[in-house]
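Analysis of the macromolecular model
Each chain is listed here by its residues.
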Amino acid sequence: MAGVTAQPRPWTAPSATGPVTATVRLPGSKSMTARALILAALADGRSVIEAPLRARDTVLMSAGLRALGVGVDTGDEDRWVVTPGPFRGPARVDVGLAGTIMRFLPPAAALADGVVEFDGDPHARNRPMGPIVEALRALGVSLDASPTGGLPLTVHGTGGVEGGEAVIDASASSQFVSGLLLSAARFGKGLTLRHEGPPVPSAPHLRMTTHMLRAAGAEVDESVPDVWRVEPGTLRGRTWTIEPDLSGAAPFFAAAAVTGGAVTLAGWPADSWQPVGQVTEIFRSLGAEVTSSAEGLTVRGTGTLRGITADLSEVSELTPVVSALAALAEGPSELRGVEHIRGHETDRIAALAAELGKVGAGVTEFRDGLRIEPRPLHGAVFETYADHRMAHAAAVIGLAVPGVDLADVSCTSKTLPEFPELWAGLVQGAESASA
């Protein structure tokens, strides 16, 4: 019938009958690709982005930059070319459900000559934006925001931003800081940004931002805690080589831990801008072995999956997958420090409590996390809330629990469109090996 939207079909997560042993090649880091696109668009010359992530978030980011007048050639899967141009309006930007777009592009759009409008998926209007909006206003930018301070958002660009000093409470998202810093070198006076409030989560993402700014030629001072200074200046066009996505690798590493197998993430660099130390520590605490070699980063299951007590504030993207592992572990786990993930693609704490409880786990919900007590688990329809990380959690549970149906697996296209095929191939490989 015309006008009726087809409902997604449930996808049954495959169960593993043997150890999952594989080498996986994953697309580039979403976080690095998003930052490289912004820095390339603001540079003084052409940039090349090698091994980028092509997924919904980065495709929409590219489209948003094109709308502003930037040349973004994504015709080659492995080599995108970005040619800067004067930012201009009028323009409309679809942010989808991407925090990187809704928080990284408005400061850049403030440099445009003309009006730039931002909106996205219905839930995107619920994601916090107020602190970055208020900071931009303090820097002299004219914006119209919704009554809650978020989307839909209109930036009235005048061709430049004076810059100067601003105070922000970034306790809800480190992206508020990153979004302002990425464009700050193009502000007339640069930017001195001070955070006041509870601790800023996801500190490794902030370090990635400042590392990449320096790599583009910006002068950045972060010697004082919770204060960042970016001097006005020119950003250089350059070649960015994007690392494989560590957060995206988490469910694949979890497959090794759950099944007693070994999964290697190929193409892992000797020096990484992602939080590999924290990820390694978490998987080792859970009972896995983690090694790095010329072949890549490898996680091996030991046959033991332990419960853990962990502060995940710096690696909150791992919370859904770690929660799934906790539900399959030998003892209880307590995961804290992640109140801010209530403002992600969905309220991830509430969603995990509901869905892990649905498959039989004992779950206590805290303001900033979860206590998970393993119990006999059973199949159920696992809602994914249009959230790729919730889909990853369900897939991990399904390795050990037959009959876990994901209500909608298509949400994995946000960062890894080929996830269902990759995951099924991983499990089929384990079945073949054990036959």
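Residues numbered from 1 in each chain as written. Predicted model: local features only at pLDDT ≥ 70, side-chain atom pairs only at ≥ 80, totals over all residues. Heavy atoms only, no water.

Re the sheet that holds strand S18 (residues 309–311)
Reading across from one edge, S18-S19-S21-S20 is the order of the four strands in this open sheet, with mixed pairing throughout. Every other strand in the sheet has two partners, leaving S18 and strand S20 (362–366) as the edge strands with one partner each. When strand polarity is set aside, the average angle formed by the axes of neighbouring strands in this sheet is 10°. Here three bridges tie S18 to strand S19 (residues 333–336), and the two strands are oriented parallel to one another. In the sheet register, Ala 310 faces S19, and the bridge partner there is Leu 335. Together, S19 and strand S21 (369–373) form the strand contacts of helix H9 (residues 319–328), whose direction differs from that of S21 by roughly 25°. (Pairing = 2+ DSSP bridges. Helix = DSSP H or I, 4+ residues; strand = E, 2+ residues; numbered from the N terminus. Axes fitted to C-alpha atoms, helices over the stretch in contact; angles between N-to-C directions. Contact = heavy atoms within 4.5 Å.)

Details of the side chain of Arg 389
Checked against the element boundaries, Arg 389 lands in helix H11 (residues 388–400). What makes Arg 389 buried here is its relative accessible area of 4%. For Arg 389, the side chain forms a polar contact with the side chain of Glu 317, separated by 2.7 Å. (Buried < 20%, exposed > 50% of the residue type's maximum accessible area, 1.4 Å probe, protein only. Polar contact = N/O pair within 3.5 Å; in protein donor to acceptor, adjacent residues only side chain to side chain.)

With respect to helix H6 (residues 203–215)
When the terminal C-alpha atoms of H6 are compared, their 18 Å separation across 13 residues agrees well with the 18 Å that a helix rising 1.5 Å per residue should span. With respect to burial, H6 is a largely interior element, 10 of its 13 residues being buried. When H6 is considered as a whole, its buried residues turn out to be Ala 203, Pro 204, His 205, Leu 206, Met 208, Thr 209, Thr 210, Met 212, Leu 213 and Ala 215. At its buried positions, H6 is contacted by helix H1 (30–41), helix H5 (175–184), strand S12 (220–221), strand S13 (227–230), strand S14 (239–241) and helix H8 (276–285). The first or second residue beyond H6 is Gly 217, which carries a positive phi of 100°. (Expected span 1.5 Å × (residues − 1).)

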